[in-house]
Amino acid sequence: MTATDPRPLTGEPVSLDLLNTRWNEEGVRRDLLADVEGLAVWLAANGLEGRFAADDATLRHTLAARDALGALVDRPGDPAATARVDAVLGHGRIRATLTAEGPGEEAEFADPARGPGWTAARDYLDLLRTAPDRIRACAHEACILHFFDTSRNGTRRWCSMAICGNRAKASRHYARTKES
């Protein structure tokens, strides 16, 4: 049985969800991928638990993919960051298939331990194709989470209005009342 996911933000696209395996909690940096048990939680949260093993090799390659994606999200277009993500993508491919239901695609990996990281990197490409301007970091200065802005007008600023948005509002209110 997989442990409960402790992260404050889940349900983002798999690429951003991988980045969100690190977060700040009351000033302390937390990391879900500190061990294979955390990897099992992340795999389950993204529907990948039956396809990939939660073992040391998968953890190592998934962490490398997270670092590569993090570098690219922090520095879009940076050639070194782009090369790192491209290296992750080099460990898998899409094979066209034909089934009774019709045409399809299937991901293939020479080493299945690279599958979760590749899947996240591939998802990031899909986000870049869809709406690169909607890949965001939370606007709260103490937050390190990322999200894909699906709001109608594309102006979402916070990973969570209930958490970071509320902190910002409370901080502005405190500053106003302190001035009075």
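Keep in mind that this is a model prediction, so the values were computed, not measured.

Definitions and limits used
- Residues numbered from 1 in each chain as written.
- Predicted model: local features only at pLDDT ≥ 70, side-chain atom pairs only at ≥ 80, totals over all residues.
- Heavy atoms only, no water.
- Salt bridge = Lys/Arg side-chain N within 4 Å of Asp/Glu carboxyl O.
- Helix = DSSP H or I, 4+ residues; strand = E, 2+ residues; numbered from the N terminus.
- Buried < 20%, exposed > 50% of the residue type's maximum accessible area, 1.4 Å probe, protein only.
- Polar contact = N/O pair within 3.5 Å; in protein donor to acceptor, adjacent residues only side chain to side chain.
- Contact = heavy atoms within 4.5 Å.
- Phe/Tyr/Trp six-rings, centres within 6.5 Å; stacked < 30°, edge-to-face > 60°.
- Disulfide = S-S within 2.5 Å.

Novice: Help me understand the pattern of salt bridges in this model?
Specialist: Opposite charge on two side chains lets them pair, provided their charged atoms get close. Under the defined criterion, the tally for this structure stands at 12 salt bridges. Here D126 and R129 are joined by a salt bridge, their closest N and O atoms 2.6 Å apart. Within this pair, D126 and its partner R129 are both found in helix α5 (residues 115-130), separated by 3 residues, close to a single helical turn. Look at R129 and you get exposed, because its relative accessible area is 57%.

Novice: Would you explain the side chain of R66 in this entry?
Specialist: One can find R66 in helix α3 (residues 56-74). Of note is the side chain of R66, whose polar atom sits 2.8 Å from the side chain of T21. Every residue in contact with R66, bar those within four places of it in the chain, is listed here: L18, L19, T21, R22, D31 and L33.

Novice: How should the packing of aromatic side chains be read in this particular structure?
Specialist: Given two aromatic rings, their pairing is described by the distance between the two centres and the angle made by the two planes. Enumeration over the complete set of coordinates arrives at 2 aromatic pairs. Here F52 and F109 contribute two aromatic rings whose centre-to-centre distance is 5.7 Å and whose plane-to-plane angle is 65 degrees, an arrangement assigned as edge-to-face. Pair noted here: F52 is in the loop between α2 (36-45) and α3 and F109 is in the loop between β4 (102-108) and α5, with a separation of 57 residues, a long-range link. Judged by centre distance (5.2 Å) and plane angle (75 degrees), the ring pair of F109 and W118 falls under edge-to-face. Since its relative accessible area comes to 5%, W118 is described here as buried. Among the aromatic residues, those joined into a cluster by ring pairs are F52, F109 and W118.

Novice: Whenever I open this one, the state of the cysteines confuses me. Can you help?
Specialist: What makes a disulfide is a covalent bond joining the sulfur atoms belonging to two cysteines. Tallied over the full model, the rule gives 0 disulfides. The cysteine C143 is free of any disulfide, with C164 supplying the nearest cysteine sulfur at 3.7 Å. Look at C143 and you get buried, because its relative accessible area is 15%. Left unpaired, C159 is separated from the closest cysteine sulfur, that of C164, by 3.7 Å.

That's the geometry; what it means functionally is another story.
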